[in-house]
Amino acid sequence: MASLDQLVLNLGLFFLGLRLVGQSLSELGGGGFRHSVSAATHTPPRASLLGVMIGALTQSATAVTFILASMLGSGLIKPPAARLAVVWSNVGLTALTFLAVIDIHPLVAYFVGGTGIALGSVRLKPWSTIAAALLGVGLLLLALENIGAEAAPLKNEPWFRQGLDAARDSPWVAFVCGFGAAALLQSNAGATMLVITLCGAGAMLVSAALPMIYGSNLGAIPLRAMLALGLKGDAIRLVRTEDLFCLVSGLLMMALFVGERCGVPLVGALSAALTASSSGQLAVAFLFSNLLPALVLSPFLSTCARLLDRFWPPAPEKMLGEPAFLSSHALADPSTALDLLAKELGRLLGSVRVAPRRLDRGEPSADPDTDLLGPEFVRLAAAIETFCLKLALRDGLGPPETVRLYRFRTALALVRHVAEASAEFSTHLDALPGPVKVVAAPLRARLEHLLTLAVGAVTTLDSAAIAEFHAQTRRHGEPVTALRQAYSDGVAALETEQSIEAGTLDTDFELCVWLLHRFAKLLPDLAFRPMAHASG
């Protein structure tokens, strides 16, 4: 019997390789996937193809599900397209299992050694990430090769033969074993690769291995159930769509398996016709176990969505003090998380009002200097800052994302200053006598208009919206200069004491406009592709 220490060693290499492949390919494909979504999800075929591609890159339908769940909240993808992409990502992740079929025994050592040297030598991204992905593949192949060699003697062990007899006599026992293996590995592709390796080594029969592979598709459901705690609305319904796919896959393939045992040639016969290798047959069967359910479910996803709506209704609108777009699941893809930060920052800025804050009893605050901002604004700003800190500590944050994150934190500080300056303006305006308030009304209207422009610019990060906002906030630009001149003319007609009081308001307005202009100059750098800085 294979020694326990060698078995544990190779299982550790297998886990490490699986982790390296998943993380590295996710890092390589995450940003490109995110920026391809809007262009690639307008039609069902393109959304399905996108799902296949990102499934092959991430090697995890669960990872794809939670990335898309985050993007749903920001409006970067529509629910119908997200459902198709999630379903077809299961087809894409089957690509890795075909590695277990390849016999490259003489090259494995050179492959692992070469990619390890490359990873230790290369520092520049994305080449270091590519080297890490290739090293992960090499470790997978090395571990599977050793596990297969060590598992061959197992077929002579009485306890192993009894287990095989139970799996052969009861496909549902094998099905449950496959479910357990995938739940333990947190990867149905990883569990399938182990089954293929054992079968190729002669330690397992194809008839017992097929139900295990079919059961592995359900193995990630417990993990998703834990990760989905706290999700609501479209996000939780998308997770449940992936769970529904897994259930349909398991039941459909087991029904076909039972039918084949009754003499009807189906998936097993087709796989055997395509390749004589037992490992190849299992890899093809795993592909069919994801392809067939995808073909069956795709036309009925809208109906499934209406059914899921009954159990998981739309989420209520978030209170101002709670993040509406940010969650721990959004941290899985830094590029998407940064886009969500822009949405949340716009929501925070949208809460700024040009009006004095009132206490619950309807009276002005007794100490405006220490009570300028409402508790909801403070809580949401703190939540955004906490999210930024968590994102900064995540693995896979490359130099471009790190720079963007720093600029978002700078933008958050500017939003706080804008809110404080607007509150000062509002407090001073509220304390002015009636005649001065009439003269100052255009200042208030202009500040409200500029805040609206700021919200639109940061939420969309659209170049035209940013350019318009920039032009409207220039201190010496035509809109601001003309407005301040009209205000000065109106103040000149007031009494001397009122004119002095009105001067403070003009200073407050100038500060607000200056801060907003600084914010406008920062916005191009928040976008994924930085624009040229506007002058002024």
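Fair warning: this is a prediction, and the values are worked out from it, not measured in the lab.

> Before we go on, may I ask you to explain the overall build of the protein in this structure?
Tallying secondary structure elements over the protein gives 22 helices and 0 strands in all. Across the 536 residues that make up the protein, the buried fraction comes to 48%. Only carbon and sulfur atoms are counted for the fraction: they give 64% of the accessible area of the protein, which is about 24,500 Å².

> I keep staring at the pattern of salt bridges and nothing clicks. Help me out?
Here the idea is simple: oppositely charged side chains can pair when their charged atoms come close. Evaluated as defined, the whole model comprises 10 salt bridges. Close ionic contact of arginine 224 with aspartate 243 constitutes a salt bridge, the shortest N to O distance being 2.7 Å. Pair noted here: arginine 224 is in helix α11 (residues 221-227) and aspartate 243 is in helix α12 (residues 233-261), with a separation of 19 residues, a long-range link. By the burial criterion, arginine 224 is buried, and aspartate 243 matches it. Between aspartate 243 and arginine 240 there is a salt bridge, with the nearest N and O atoms lying 3.0 Å from each other. Of this pair, aspartate 243 and arginine 240 are both found in helix α12, 3 residues apart, which corresponds to roughly one turn of the helix.

> What is the right way to read the packing of helix α8 (residues 171-185) against helix α9 (residues 188-200) from this model?
Two measures define how a pair of helices packs: the angle their axes make with one another and the distance between the axes. It is the contact of α8 with α9, at a shortest axis distance of 8 Å, that shows an interaxial angle of 125°. Considered as vectors, α8 and α9 are oriented oblique to each other. Crossing of α8 against α9: the hand is right-handed. Of α9, the residues touching α8 (which contributes Ala181, Ala182 and Leu185) are Asn188, Gly190, Ala191 and Leu194.

> Looking at this model, I keep getting lost on the confidence of the model for the protein. Mind explaining?
Of the residues in the protein, 80% have a pLDDT of 70 or more, and the chain-wide mean is 79. Per-element averaging of pLDDT across the protein places helix α1 (residues 4-40) at the bottom with 64 and helix α14 (residues 278-297) at the top with 92. Across residues 364-370, where pLDDT falls below 50, the model places 8 contacts with residues more than four positions away in sequence or in other chains. Confidence over residues 530-536 falls short of pLDDT 50; this stretch has 13 contacts with residues more than four positions distant or in other chains.

> Please explain the packing of aromatic side chains as it appears in this structure.
Taken as a whole, this structure holds 5 aromatic pairs when the rule is applied. Between the aromatic rings of tryptophan 172 and phenylalanine 175, the centroid separation amounts to 5.4 Å while the plane-to-plane angle is 65°, which identifies the pairing as edge-to-face. Here tryptophan 172 and its partner phenylalanine 175 are both found in helix α8, 3 residues apart, which amounts to about one turn of the helix. Judged by its relative accessible area of 10%, phenylalanine 175 is buried. Ring centres of tyrosine 214 and phenylalanine 257 lie 6.5 Å apart, and the angle between their planes is 75°; on these two criteria the pair is classed as edge-to-face. Of the two residues, tyrosine 214 is situated in helix α10 (residues 206-216) and phenylalanine 257 in helix α12; the sequence distance between them amounts to 43 residues. Neither tyrosine 214 nor phenylalanine 257 differs from the other in exposure class; each is buried.

> How should I be thinking about the packing of helix α16 (residues 334-350) against helix α17 (residues 375-392) in this particular structure?
At a minimum axis distance of 11 Å, the contact between α16 and α17 shows a crossing angle of 165°. When the axis of α16 is compared with that of α17, the two are roughly antiparallel. Handedness of the crossing formed by α16 with α17: left-handed. Residues Pro334, Ala337, Leu338, Leu341, Glu344, Leu345, Arg347 and Leu348 of α16 form the contact with α17, whose participating residues are Phe377, Leu380, Ala381, Ile384, Phe387, Cys388 and Leu391. For the contact of α16 with α17, the per-class residue count stands at 13 nonpolar, no polar and 2 charged.

> Quick question: what am I supposed to make of the environment of leucine 270 here?
Here leucine 270 is to be found in helix α13 (residues 267-274). On the basis of relative accessible area, leucine 270 is assigned to the partly exposed category, the value being 39%. Each C-alpha atom of the pair leucine 270 and glutamine 281 lies 8.7 Å from the other, and the pair is 11 residues apart in sequence.

> Is there a simple way to think about α8 in this case?
Since one α-helical turn is 3.6 residues long, residues separated by three or four positions face the same way. Helix length check: α8 (15 residues) gives 21 Å between terminal C-alpha atoms against 21 Å at 1.5 Å per residue, within 8%. Those residues of α8 not exposed but buried are Pro171, Ala174, Phe175, Gly178, Ala182 and Leu185. Looking down the long axis of α8, one finds its buried residues gathered within 105° of arc, a one-sided arrangement. Along α8, exposed side chains directed more than 90 degrees from the buried face belong to Val176 and Leu184. Looking one or two places after α8, you find glutamine 186, whose phi comes out positive at around 60°.

> How should I be thinking about the environment of alanine 143 in this particular structure?
Along the polypeptide, alanine 143 turns up in helix α6 (residues 127-151). Take alanine 143: its relative accessible area is 0%, and that puts it in the buried class. Once residues within four sequence positions are removed from consideration, alanine 143 is found in contact with Asn10, Leu13 and Phe14.

> What is the right way to read the side chain of threonine 65 from this model?
As for its placement among the helices and strands, threonine 65 is situated in helix α3 (residues 61-74). By relative accessible area, threonine 65 is classed as buried at 0%.

> When you look at unusual backbone geometry in this model, what are you seeing that I'm missing?
Of all residues except glycine, most have a negative phi; of all peptide bonds, most are trans. Positive phi is not limited to glycine here, since leucine 461 has a value of about 50°. As for its placement among the helices and strands, leucine 461 is situated in the loop between α19 (434-460) and α20 (463-472).

> Would you mind showing me how to read the side chain of histidine 517 here?
For histidine 517, the location among the structural elements is in helix α22 (residues 496-522). You can call histidine 517 buried: its relative accessible area is 5%. In terms of polar contacts, histidine 517 uses its side chain to reach the side chain of threonine 473, at 3.1 Å.

> Can you help me understand the environment of alanine 440 in this one?
Mapped onto the fold, alanine 440 is located in helix α19. The exposure class assigned to alanine 440 is buried, which follows from its relative accessible area of 0%. Sequence-wise, alanine 440 and leucine 505 are 65 residues apart; in three dimensions their C-alpha atoms are separated by 8.1 Å.

Reading the values: rules and limits
- Residues numbered from 1 in each chain as written.
- Predicted model: local features only at pLDDT ≥ 70, side-chain atom pairs only at ≥ 80, totals over all residues.
- Heavy atoms only, no water.
- Helix = DSSP H or I, 4+ residues; strand = E, 2+ residues; numbered from the N terminus.
- Buried < 20%, exposed > 50% of the residue type's maximum accessible area, 1.4 Å probe, protein only.
- Areas by Shrake-Rupley, 256 points an atom, 1.4 Å probe, with all protein chains shown as cover.
- Salt bridge = Lys/Arg side-chain N within 4 Å of Asp/Glu carboxyl O.
- Axes fitted to C-alpha atoms, helices over the stretch in contact; angles between N-to-C directions.
- Parallel < 35°, antiparallel > 145°, perpendicular 65-115°, else oblique.
- Left-handed = near helix turned anticlockwise from the far one by under 90°.
- Contact = heavy atoms within 4.5 Å.
- pLDDT = per-residue confidence, 0-100.
- Phe/Tyr/Trp six-rings, centres within 6.5 Å; stacked < 30°, edge-to-face > 60°.
- Nonpolar A, V, L, I, M, F, W, Y, C, P; charged D, E, K, R; others polar.
- Expected span 1.5 Å × (residues − 1).
- Arc of directions from axis to C-beta.
- Polar contact = N/O pair within 3.5 Å; in protein donor to acceptor, adjacent residues only side chain to side chain.

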